[in-house]
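Below are the chains, spelled out letter by letter.
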Amino acid sequence: ETLLGNYCGNELVVGELPFVGFGDTTMATNDFEVPESGCTVDIWEVLGAMSNDQVWRFTPAVAGSYTVSVNGSTSAGNFHPVAFVVDDCEAAAALEATCYGVDRYEWDPIPITVDLAAGETVFIVVDGHDTLEGVSIWNNVGGYVLTVF
């Protein structure tokens, strides 16, 4: 059985707003990391390069500003999730997508705000913060809560 949200074309779906979704990257695969284009992260960080991840698809019905945030589940232990919003899932897997922003739970918990047209699809990748001063140190996985409003 294929794990929902494990790859492009099999994304989890953001439902009616305000949306609260629960996920877990433990059994997922490692397909994404924060792309350099448009994402403002510290130069020494390559977030998600070694961690399992999940992808969500979001298509708003009306134009507007939308906020995306991620928090580690209380049962996740040492999981430090990172969320980033991109315009193209396949390109994101190849590190070539336009990135609208990064929310680093715990270290820099600033939600992502993105302006979208009605019917415009974006992809939200939830990954693990797995670096320490530029050195990938572990596959950081666990449960999380994704909020979109």
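Here, every reference points to the structure presented above.
Residues numbered from 1 in each chain as written. Predicted model: local features only at pLDDT ≥ 70, side-chain atom pairs only at ≥ 80, totals over all residues. Heavy atoms only, no water.

Draft legend 1. Looking closely at the overall build of the chain. What the chain contains, in helices and strands, is one helix and eleven strands. Beginning at the N terminus, the succession of helices and strands in the chain can be written as β-β-β-β-β-α-β-β-β-β-β-β. Within the chain, buried positions represent 49% of all 149 residues. Relative to all contacts within the chain whose residues are 6 or more apart in sequence, the contacts with residues 24 or more apart total 76%. In the form shown here, the chain has an accessible surface area of approximately 7100 Å², with 54% of it arising from carbon and sulfur atoms. (Helix = DSSP H or I, 4+ residues; strand = E, 2+ residues; numbered from the N terminus. Buried < 20%, exposed > 50% of the residue type's maximum accessible area, 1.4 Å probe, protein only. Contact = heavy atoms within 4.5 Å. Areas by Shrake-Rupley, 256 points an atom, 1.4 Å probe, with all protein chains shown as cover.)

Draft legend 2. Spotlight on the packing of aromatic side chains. Scanning all chains against the criterion turns up two aromatic pairs. Arranged with centres 5.6 Å apart and planes meeting at 70°, the rings of F19 and W56 form a pair that is edge-to-face. In this pair, F19 is assigned in strand 2 (residues 19–24) and W56 in strand 3 (residues 54–58), connecting sequence segments 37 residues apart. Judged by relative accessible area, which is 12%, F19 ranks as buried. Residue classification places W56 among the buried residues on the basis of a relative accessible area of 4%. Residues F58 and Y66 carry aromatic rings whose centres are separated by 5.2 Å and whose planes lie at 75° to one another, so their mutual orientation is edge-to-face. Relative accessible area serves as the criterion here: at 7%, Y66 is assigned to the buried category. (Phe/Tyr/Trp six-rings, centres within 6.5 Å; stacked < 30°, edge-to-face > 60°.)

Draft legend 3. Looking closely at the environment of T29. Along the chain, T29 falls in the loop between strand 2 and strand 3. Between the C-alpha atoms of T29 and L3, which are 26 residues apart in sequence, the distance is 9.3 Å. In contact with T29, other than residues within four places in its own chain, are N6, N52 and D53. A distance of 2.7 Å separates the side chain of T29 from the side chain of D31, its partner in a polar contact. (Polar contact = N/O pair within 3.5 Å; in protein donor to acceptor, adjacent residues only side chain to side chain.)

Draft legend 4. Representation of the pattern of salt bridges in the model. Following the criterion strictly, the structure yields one salt bridge and no others. Its salt-bridge partner being R57, residue E11 comes within 2.7 Å of it at the nearest N-O pair. Here R57 lies in strand 3 and E11 lies in the segment before strand 1 (12–13), a separation of 46 residues in the sequence. E11 gets classed as buried once you look at its relative accessible area, which sits at 9%. Relative accessible area serves as the criterion here: at 30%, R57 is assigned to the partly exposed category. (Salt bridge = Lys/Arg side-chain N within 4 Å of Asp/Glu carboxyl O.)

Draft legend 5. The arrangement of the nonpolar core in detail. Counting 20 residues, the largest nonpolar core has V14, W56, F58, I124, Y144, L146 and V148 as the members making the most contacts within it. Of all the elements in the fold, those that place two or more residues in this core are strand 3, strand 4 (64–72), strand 5 (81–86), strand 7 (112–116), strand 8 (122–128) and strand 11 (143–148). When residues no more than four places from it in sequence are discounted, the contact partners of F58 are V14, L17, Y66, L116, E120, T121, V122, I124 and V148. (Core = buried A, V, L, I, M, F, W, Y, C linked by side-chain atoms within 4.5 Å.)

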